Amino acid sequence: MIRIRRLALPVAAAIALAGVVSLGETPVPSRADAPDLALCPWMDTSKSADQRAQLLLDNSTLGQTMRWLDEQSASTPTQTEWTGGFMGGGPSSYEAYAPEVVANCLPTVVYTDGPDVVRHAGATLYPAPIALAASWDTDLSHDKGAAFAQESYNMGYNGIWAPGLHSGRVALSGRTPEYLGEDSLLGGQMAAAQLQGMNTAPVVNGVKHYVANEQEANRTTSSSNISERALHEVYSLPFEIAIKDGDPNGVMCSYNQINGVYACENEILNRILKEDIGFDGFVVSDFGAVHSTVPSLVNGLDMELNAPNYFAPDKLQAALDAGEITVQQIKDAAYRVIKGYIESGVFDTAAPAIGNTDVSTAANKAIARQMAEEGSVLLKNQDSALPLSSASGLKVAIIGGVAGTEAEWEAQGVEPEEVEVVNPWTGQTSIQLVFPFSTALSACSMSGTDCSAMVSPLRSITGRVESAGGTVTYAGGHDLDQAKAVAAAADVAIVFGYLPMSEFSDAASLSLADGGDALIAAVAAEAPKTIAVLETGSATDMPWLGAVDAVVQAWYPGEQAGPALTGLLPKSRSD
C-alpha cells in the first residue's frame, strides 16, 4: 500500500553549494600562464599574504573592492550581473576587473557544504562528526580533515564550510551530529586538528557557526541569552582553540540572536572574535543570516554568503552616501577576505574542473572505518556479553531497518512509499519514492548523496558469522511479530535502533524512531542474549536498558558501518 507522508529535504539537496584527497593522487592544475607581476603585483608569491592582499586593494577601484564583501561576486570574478539569490536581494551590478586580470590573477572559488562529508555522490561517506569527537583522537581528526579537503578539491570544489562547533546544550538540536560534541576543550582541539589537515590542500575553509547555535527550531528568530562568563568560557572557547591552533581562513556566523542581537550583526564579532581571540581571517554569514547592511558591516561581518543582498553595491553605496559606513570599513572587510583566500592557496593553485564524481579512495575509506570503530562507545556490557563467541553453530538474529540496505529491505518484502519532499528554503514540493527506513541510513541521510557505497552491518556481520560456521537470520523490524520470532530462535539478537537528526528541525523527543524502543524491548524479551546497537546523533532515553545485555553507541557510522561494527562485536571498545 503506497501512502504519502511529508519529509523535509536534507540541506545538501535543498541548496547547491559548493568544498579536497591526497594531492599526490591528482595533478594540481596551475595557472595557464605565469601572471604578469607588473599587471598583477599581488601574485608575487615572495610577498606575505598581508602584503599581497594590500597590493590587490591598492590596484582596485572601490567598486571592485565591494565585490569581496559578497561570496558569489568574490568567488566568480568574471560575472558582473546578479538577479538575486534564493535568500532574497534584487538585481545587482558589479564593476568588472580587466579580462587579463581575471584570467591569471583572480581565483574562481566554488564552495561545498560540510562539515560531515563532501555532499556529492562519489565522495567518502564519513561518520558523523560527533562520532569523530567520541574517538578523542586528534591524529584521526587531522587525517579526516586532509582526506575530506582533498576529496573536495579533486571533485572541483576549492572551498568548504567546515568544521562545525557548538556546545550541545539542547540534546534535541537537529544539527548535534554535525558538530564535535559538548566539551569545549575537546571540540576545539578536534576542530583545530581537522583544520590543520584541511590546510594541507588549496581550499578555503571556514569553521562554523559562531556562536551559541543550539537549536534548529526557530533558529532564525530565537535568542541564546548568555552571561558574559559563559559566552567566553563555554561557547566561544572551542572557537578560540580552533582559531589559535587550526588557523581557519574564515568563521561563519550563525542564524540565532545572542542576547537579543543577531549573530551576524552582533558586536561580539569585533569585541570577542576579532579583538579578544585575535581572529584575523574573514567572518562570513550563513545563508539568510544577514539582516542589515550598516550594523552587520560595522560590527564585524566581512562577507555575505550567496548572491548579493544586504552587501550589494547599491546598498553599500547608499550607506556610504549617508555617512553610516566608511570606505575604510569596506576595505578592511575586503582585505580580510582577500588575505584568507590567498592564505588558503586558491590564488596560486587552480581547482580542477568540476566533473570528477568518484574521488573516494581505499585510504579514505579506511579513515571512515577507523572513525566508526574509534567513535563507537560500549555503554553496557553485562556479564561480558561482548565480544560474542565465534563458536561454530552460533545462531545470530540481526534485527532493525538500519542494519540493512534498500536491496536487503526489498528482499524482506518492504516497499517504498511516495513521499512529498519539501524544500525548506523555497517551500517547493516534489514526490519521491522513499523506503520507510531511509532516514536510518545515516551514512547518507545527512549528506544528500546516494547510499551506493554503504557496506551494511547485515552484510558484514553475516559474512563473519557464516565464516565461523554460524547462521544469521534477518528481520527488518517493521513487523514486530516477525522480529520476536526471529529473536526467539537465535542464540543472540543484535537489534538496531536509530534516531535521525538533521538541519531544519529538532528531534521531537529522545525516543528512538519508528517504534525502536518497543522493538528493542520486544526482542530482549524473546532472545537469550540481546545486543542493542544505536545509530543516533544525540543521547536517547533507553527505557529498555535493564533488559538488554550490551549497548553499543555507534552514532551515524558512515559507509563503513558494516566492517566497523563487525570488528567491534568480537572485541568491543569500552570507554
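Higher on the page you've got the structure.
Residues numbered from 1 in each chain as written. Predicted model: local features only at pLDDT ≥ 70, side-chain atom pairs only at ≥ 80, totals over all residues. Heavy atoms only, no water.

### A short note on the overall build of the chain
Our working definition: Under the scheme used here, helices are H or I runs from DSSP no shorter than 4 residues and strands are E runs no shorter than 2 residues, and both carry numbers assigned from the N terminus. Per-residue accessibility, obtained with a 1.4 Å probe over protein chains only, is compared with the maximum for each type, and a residue is labelled buried under 20%, exposed over 50%, and partly exposed between these values.
Check the secondary structure of the chain and you find 20 helices and 19 strands. Per-residue burial for the chain yields a buried fraction of 59% across its 575 residues.

### A few points about the nonpolar core
The test is simple: Only buried residues count toward a nonpolar core, which is a set of Ala, Val, Leu, Ile, Met, Phe, Trp, Tyr and Cys residues joined through side-chain atoms within 4.5 Å.
Grouped together as the largest cluster of nonpolar side chains are 85 residues, with contacts concentrated most on W68, Y341 and F347. Formed by 28 residues, the second largest nonpolar core is a distinct cluster that contains A385, I398, V465 and L568.

### With respect to the state of the cysteines
Joining two cysteines, a disulfide is a covalent bond between their sulfur atoms. Stated precisely, the cut-off is as follows: The disulfide definition used here is simple: a pair of cysteine sulfur atoms within 2.5 Å.
Evaluated as defined, the whole model comprises two disulfides. Covalently, C40 is tied to C105 through a disulfide, its sulfur atoms 2.0 Å apart. Disulfide C40 to C105: torsion about the S-S bond roughly 80 degrees, handedness right-handed. Here C40, found in the loop between α1 (11-14) and α2 (49-58), pairs with C105, found in helix α5 (residues 99-105); they are 65 residues apart in sequence, far enough to count as distant. For the pair C40 and C105, one class covers both residues: buried. Each sulfur in the disulfide pair C253 and C264 lies 2.1 Å from the other.

### Examining the sheet that holds strand β19 (residues 550-553)
Note the threshold: In this description, strands pair whenever DSSP reports at least two bridges between them. For helices, the axis comes from a line fit to the C-alpha atoms of the stretch in contact; other axes are also lines fit to C-alpha atoms, and the angle between any two N-to-C directions lies between 0 and 180 degrees. Whether two residues touch is decided by their heavy atoms; if any such pair falls within 4.5 Å, the residues are in contact.
The strand order across the open sheet formed by six strands is β12-β19-β18-β17-β13-β16, and the pairing between neighbours is mixed. The outermost strands of the open sheet, each flanked by one partner alone, are β12 (377-381) and β16 (471-475). Pairs of neighbouring strands in the sheet enclose a mean axial angle of 15 degrees, with direction left out of account. Across the sheet, helix α17 (residues 457-467) touches β13 (395-399), β16, β17 (492-499) and β18 (530-536), and the angle it forms with β16 is around 160 degrees.

### Comments concerning the packing of aromatic side chains
Under the convention used in this document: Two aromatic rings, drawn from Phe, Tyr or Trp (for Trp, its six-membered ring), form a pair once their centres lie within 6.5 Å of each other, and the interplanar angle then sorts them: stacked below 30 degrees, edge-to-face above 60, tilted otherwise. Distance and angle both matter: a charge sits over a ring if NZ of Lys or CZ of Arg is within 6 Å of the ring centre and within 35 degrees of the ring normal.
In this structure the tally under the stated criterion is six aromatic pairs. Aromatic side chains W82 and Y94 sit 5.6 Å apart centroid to centroid with 85 degrees between the ring planes, which places their arrangement in the edge-to-face category. One end of the pair, W82, is in strand β2 (residues 81-82); the other, Y94, is in the loop between β3 (92-93) and α5, with 12 residues separating them in the sequence. Neither residue differs from the other here; W82 and Y94 are each classed as buried. Through successive ring pairs, a cluster of aromatic residues spans W68, F282, Y341 and F347. Above the plane of the ring of F148 lies K144, whose end atom (NZ or CZ) is 4.3 Å from the centre. Its end group placed over the ring of Y310, K315 keeps NZ or CZ at 4.8 Å from the ring centre.

### Some points on the pattern of salt bridges
Let me state the cut-off plainly: Every case where a carboxyl oxygen of Asp or Glu lies within 4 Å of a side-chain nitrogen of Lys or Arg is listed as a salt bridge.
One pass over the structure, following the stated rule, counts 18 salt bridges. For D116, the salt bridge is made with R119, and the minimal N-O distance between the two is 3.1 Å. By the burial criterion, D116 is buried, and R119 matches it. Close ionic contact of R219 with E503 constitutes a salt bridge, the shortest N to O distance being 2.7 Å. Residue R219 is found in the loop between β6 (204-210) and β7 (223-224), and its partner E503 is found in the loop between β17 and α19 (516-526); the two are separated by 284 residues along the sequence.

### So, the environment of Y498
Rule in force here: Under the rule applied, a polar contact is a pair of N or O atoms within 3.5 Å (in protein, one hydrogen donor and one hydrogen acceptor; residues adjacent in sequence only if both atoms are side-chain atoms).
Mapped onto the fold, Y498 is located in strand β17. Classification of Y498 by relative accessible area gives buried; the value is 4%. Spatially, the C-alpha atoms of Y498 and E535 are 4.7 Å apart, while their sequence positions differ by 37 residues. A polar atom in the side chain of Y498 sits 2.2 Å from the side chain of D514.

### Notes on helix α18 (residues 480-488)
Here is the rule: As used here, the arc belongs to the directions running from the helix axis to the C-beta atoms.
Inspection of α18 places A483, V486 and A487 among the buried residues, and these make up the whole buried set. Take α18 and look down its axis: the buried residues cluster within an arc of 100 degrees, on one side only. Where α18 is buried, its residues contact β13, β16, β17 and α19. Where α18 begins, the capping side chain belongs to D479, and its oxygen is found 3.1 Å from the backbone nitrogen of D481.

### A look at the side chain of K274
Among the structural elements, K274 can be located in helix α10 (residues 268-276). On the basis of relative accessible area, K274 is assigned to the buried category, the value being 13%. If sequence neighbours within four positions are ignored, K274 has contacts with L269, F279, V283, G300, D302 and R336.

### A closer look at the pairing of strand β11 (residues 282-285)
Neither face of β11 is open: one carries F282 and V284, the other V283 and S285, and all of them are buried. Pairing of strand β8 (residues 250-253) with β11 involves four bridges; the strand directions are parallel. What sits directly across from G250, in β11, is F282.

### Overview of the sheet that holds β6
Strand order in the open sheet formed by five strands is β4-β5-β6-β8-β11, and the pairing between neighbours is parallel. Unpaired on one side and paired on the other, β4 (111-113) and β11 mark the two borders of the sheet. Neighbour to neighbour, the strand axes of the sheet diverge by 30 degrees on average, direction disregarded. Alignment of β4 against strand β5 (residues 159-161), held across three bridges, turns out to be parallel. Looking at β5, one finds that T112 is bridged to I160. Contacting β4, β6 and β11, helix α13 (residues 327-344) runs over the sheet at an angle of about 100 degrees to β11.

### Considering the environment of S227
As for its placement among the helices and strands, S227 is situated in the loop between β7 and α9 (228-246). Overall, S227 belongs to the partly exposed group, its relative accessible area being 44%. Polar side-chain contacts of S227 include one of 3.1 Å to the backbone nitrogen of A230.

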